[in-house]
Amino acid sequence: MYYLLSFTRCLLQGYSTDYILRLEQHNKGKTTYTKNKGPWKLVYAEELDSKKEALIKEKMLKRQHRQYLLWLFNQKTNLIK
């Protein structure tokens, strides 16, 4: 599971087994939603045990306020430091 931040301060949340490759795809305009919103910077990545677990957490985090997400980005679970 990962979060990307655009230069316009837009946050994008996603799930991928290879978040580095996914970041490259977003920055190269290979995804419709992010095509004209980049460049993107990886600000959070977390490894979870299964796709199901990742999707459950992703759904939970979508309901959180931006303030909570900014706090989360500074926690030990973040692989990007």
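In what follows, the accompanying structure is described. (Residues numbered from 1 in each chain as written. Predicted model: local features only at pLDDT ≥ 70, side-chain atom pairs only at ≥ 80, totals over all residues. Heavy atoms only, no water.)

As a further point, take the packing of aromatic side chains. Overall, the coordinates contain four aromatic pairs when judged by the stated rule. Taking the centre distance of 6.2 Å and the plane angle of 65° together, the rings of Tyr3 and Tyr44 count as edge-to-face. In this pair, Tyr3 sits in strand 1 (residues 2-6) while Tyr44 sits in strand 3 (residues 40-45), placing the two residues 41 residues apart along the sequence. In this structure, Tyr3 and Tyr44 share a single accessibility class: buried. When the ring of Tyr68 is compared with that of Trp71, the centres are 5.3 Å apart and the planes differ by 35°; the resulting orientation is tilted. Of this pair, Tyr68 and Trp71 both sit in helix 3 (residues 66-72), separated by three residues, roughly a single helical turn. Residue class for Trp71 comes out partly exposed when judged on its relative accessible area of 47%. (Phe/Tyr/Trp six-rings, centres within 6.5 Å; stacked < 30°, edge-to-face > 60°. Helix = DSSP H or I, 4+ residues; strand = E, 2+ residues; numbered from the N terminus. Buried < 20%, exposed > 50% of the residue type's maximum accessible area, 1.4 Å probe, protein only.)

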